[in-house]
Amino acid sequence: MAKEECKALLDALNKATACYHHLVLTIGGSADSQNLREELQKTRQKAQELAVVIRARLTAPLRDRGLGAEERAEFERLWVAFSGCLDLLEADMRRALTLGTEFPLNKPLRPLVRTGVEGGAANVAARALSARSLRHEAERGFDVEDLHQLEREILQVGEMIHDMEMKVNVPRWTVQARQAAGAELLARPSAGVSSMRGVSVEQRTGPCDLSKALAATIFSAVLLAAVALAVCVAKLS
Amino acid sequence: MERMVVSMQDPDQGVKMRSQRLLITVIPHAVTGNDVMEWLIHKYCITEEEALHLGTLLVRHGYLYPLRDPCHLELRLDETPYRFQTPYFWMSTLWPAAELDYAIYLAKKNIRKWGGLFDHEKEHYDQLHRKISHTWDLVVMQAREQLWAAKQRRKGDRLVIACQEQTYWLVNRPPPGVPSVLEQGPERNSCTAGRVQKTKTVDFYRREVECLRKALGRARVKSSVCLEAYLKFSSQRGPHDPIMSGCLPSNPWVTDNDTYWAMNAPSAAVPTRLRVEQWAFSFRELLEDPVGRAHFMDFLRKEFSAENLSFWEACEELRHGGQAQVPALVDAVYQQFLAPGAARWVNIDSRTMERTLVGLGRPHRHVLDDAQLHIYMLMKKDSYPRFLKSDLYKDLLAEAVVPPETKRRVFPFMRKLRHSSPSPALLPASASREPSGGDGEA
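Residues numbered from 1 in each chain as written. Chains lettered and ligands numbered in written order. Predicted model: local features only at pLDDT ≥ 70, side-chain atom pairs only at ≥ 80, totals over all residues. Heavy atoms only, no water.

On to the environment of Ser83(A), then. Residues and elements named next belong to chain A. With respect to the helices and strands, Ser83 occurs in helix 3 (residues 69-102). Given the relative accessible area of 4%, Ser83 is considered buried. As for Ser83 and Glu165, which are separated by 82 residues in sequence, their C-alpha atoms are 9.0 Å apart. If near-sequence neighbours (up to four positions away) are discounted, Ser83 is found in contact with Met164 and Arg172. (Helix = DSSP H or I, 4+ residues; strand = E, 2+ residues; numbered from the N terminus. Buried < 20%, exposed > 50% of the residue type's maximum accessible area, 1.4 Å probe, protein only. Contact = heavy atoms within 4.5 Å.)

Looking now at a nonpolar patch on the surface. All names here are of chain A. Together, Phe219, Leu223, Val227 and Val231 make up a nonpolar patch on the protein surface, roughly 390 Å² of accessible area in all. Locating Phe219 in the fold gives a position in helix 7 (residues 207-236). Residue Phe219 is classed as exposed on the basis of its relative accessible area, which comes to 58%. (Patch = residues over 30% accessible without salt bridge, like charges linked within 9 Å, V, L, I, M, F, W, Y side chains within 5 Å. Areas by Shrake-Rupley, 256 points an atom, 1.4 Å probe, with all protein chains shown as cover. Salt bridge = Lys/Arg side-chain N within 4 Å of Asp/Glu carboxyl O.)

Okay, helix 4 (residues 99-113) of chain B next. What sets the pattern is the α-helix's 3.6 residues per turn: residues three or four places apart point alike. The terminal C-alpha atoms of helix 4 of chain B, which comprises 15 residues, lie 21 Å apart, in line with the 21 Å expected from a rise of 1.5 Å per residue. Taking burial as the measure, the 15 residues of helix 4 of chain B include 12 buried ones, the bulk of the element. If you check which residues of helix 4 of chain B are buried, you get Leu100(B), Asp101(B), Tyr102(B), Ala103(B), Ile104(B), Tyr105(B), Leu106(B), Ala107(B), Lys108(B), Lys109(B), Asn110(B) and Ile111(B). For helix 4 of chain B, the secondary structure elements touched by its buried residues are helix 3 of chain A together with helix 5 (119-131), helix 6 (136-150) and helix 7 (155-172) of chain B. Two residues or fewer past helix 4 of chain B, Trp114(B) is found with a positive phi of approximately 55°. (Expected span 1.5 Å × (residues − 1).)

It is worth spelling out the nonpolar core at this point. If you look at the biggest cluster of nonpolar residues, it comprises 98 residues, and the most contacted ones within it are Phe82(A) and Trp136(B). Sorting elements by how many residues they give to this core places helix 3 of chain A first, with 14 residues. By size, the runner-up hydrophobic cluster in this structure holds 38 residues, among which are Trp312(B), Ala314(B), Val330(B) and Val333(B). (Core = buried A, V, L, I, M, F, W, Y, C linked by side-chain atoms within 4.5 Å.)

Packed helix pairs are specified by the crossing angle of their axes together with the interaxial distance, meaning the distance between the axes. All names here are of chain B. Where helix 16 (residues 290-303) contacts helix 17 (residues 306-320), the axes come no closer than 7 Å and their chain directions differ by 140°. In terms of axis orientation, helix 16 runs oblique to helix 17. Residues Arg293, Phe296, Met297, Leu300 and Arg301 of helix 16 lie in contact with helix 17, whose contacting residues are Ala306, Leu309, Ser310, Trp312 and Glu313. Its residues placed into classes, the contact of helix 16 with helix 17 shows 6 nonpolar, 1 polar and 3 charged. (Axes fitted to C-alpha atoms, helices over the stretch in contact; angles between N-to-C directions. Parallel < 35°, antiparallel > 145°, perpendicular 65-115°, else oblique. Nonpolar A, V, L, I, M, F, W, Y, C, P; charged D, E, K, R; others polar.)

Below, the discussion takes up the UniProt feature "transmembrane region" (unreviewed entry) in chain A. According to UniProt, the feature "transmembrane region" (unreviewed entry) maps to residues 213-234 of chain A in the numbering used here. Within residues 213-234 of chain A, the helical portion is 100% and the strand portion 0%, while the C-alpha atoms at the span's ends are 31 Å from each other. (UniProt positions renumbered as here; feature names shortened; annotations may be inferred.)

For helix 5 of chain B, with 13 residues, the first-to-last C-alpha span of 18 Å sits near the 18 Å given by 1.5 Å per residue. Contacts made by the buried residues of helix 5 of chain B are with helix 4 and helix 6 of chain B.

Another point: the pattern of salt bridges. In total, this model carries 27 salt bridges over all chains according to the counting rule given. The partner of Glu38(A) in a salt bridge is Lys42(A), and the shortest N-O contact between them spans 2.9 Å. Of this pair, Glu38(A) and Lys42(A) both sit in helix 2 (residues 34-63), 4 residues apart, roughly one helical turn. Accessibility expressed as a relative area gives 4% for Glu38(A), which makes it buried. Its relative accessible area of 21% is what places Lys42(A) among the partly exposed residues. The closest approach of N and O atoms between Lys131(B) and Glu99(B), which form a salt bridge, is 3.5 Å. With a gap of 32 residues between them, Lys131(B) in helix 5 and Glu99(B) in helix 4 connect regions that are remote in the sequence.

Listed below in structure tokens is the structure:
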């Protein structure tokens, strides 16, 4: 179904935008590095590809006048979410550009702000690209060219948004969102859970997981001891 | 401020960094209030008070945030630890804060704390939900995804990022009672401040002198006189004002009953009492009301001086009419009212008549202004007081209708439901049904 496809693509774009936001947060801070800039570039390229695909998929049904009212409402909902996502992405890209120009990596005269954030964000980018892990292949002067590229991409996204507004007329005030206030407190939808299971397998770093692993081993040891005792009791009786 | 913060980061000359120890995690890059103060004093050679003020400004604008008591943004001169804010959340990058971002932040906080938002945050949440309810899907999706993205990092990083975001929103959406640093006073607006510093050349002073001389020559009214006139106006008009003294029969905006408008229409057959009383306030009132003007014309006919009012009306038409008709109209007015031996000759004094005749050679819109003014003053001083004392006027007053106030219904639940005017998006067929329903009620 076209709608399910669109929803899945929109979820992927949403994920990419959220990860990009998370990565842009740390530009200029103590975790800034070539790797971070590379991750940013990969994430935003993925987000842009997804955006182009979604736009093609959504424009066709919305321009089709013969569509039923409920279907149209559904597509309009998706459209509103899509354009909001794209706006967020564009805003983050602009901020990344200003921050990137203010905090260039190769000039030691301007030190990075010591924000206390350390450690890589490779996992975040990997999550955005739905990949298992990320390889870093950038050369030294990467961030400067990347900024030029970023400028061009911002213009492209801006044009895309403008195009979207001109071609499809969706009055925002008539769209009713599915989620009510406080909907985020309800249980997560099942689509998210399955994707999480894949990624959580990798996560072994960090002292907090160490304590969890410790608790798990103790529990299993106790369980084994209980089973062994039960077997002994059974054998004896 | 941002340059100051960046220079604080210098590894050799910047502020001394310590580490923050939480239960298991160690997060570096914490500074104490004392360190910040000392660095400021040392670098800028300022007094302690100034350094304290500067430091407090830094904290209030969110460049530095306290780690122990995040809700109170102030600089303390003891060992309380602080940390620097990431450049993403600096004032210059994210100015002004967007509603959608705030909504996403509140949704994230909701998820993390299981609905444990502060009161003002709950209010904001409800407000935002009303304002941008169409994008609420996006808000929820983004909130969930951002939390999952954050979980990909180490615990220490996660804590730091959460603190950073919290500080940013504390600065941009301060809780009630905390003064917002974002409000700019009038003196910070640079465009007005720039104009004061003009070079005082000779020309400038010449212009000033000219301006002041003109100002001296202007006629001024004493404020006591002004205020008296104002008071008189207010007391005279008070009972006539629909807002101050209520309108009879009822306020159409409240009860959907438009009798009030029908009765006070410009061409109503029987004027209301208030309207007739208004004609006594000034001559201008009488002339501006079409019904009043008609009655005045009747009165003048009885006194055989109706040509004055006709002449005045013709001059008004000339002044406000089309440009193409001006020459023809001037000619017609002259033939009818001003020529010697004209059918309806008006009595204008000789000087005004001379001036008008000269001007008639080049007719334009305002050529008859002097004559019109003369006639107007004549009518005002002579005919108008007589009109007010005449029997005609007194009869009008007696006949004028005072509409009764609509009775309030005794049973409140039988009151007609007040509905707002139909939305323009509705079809006009339904809109046309509304006023007929209203009239049937009245």
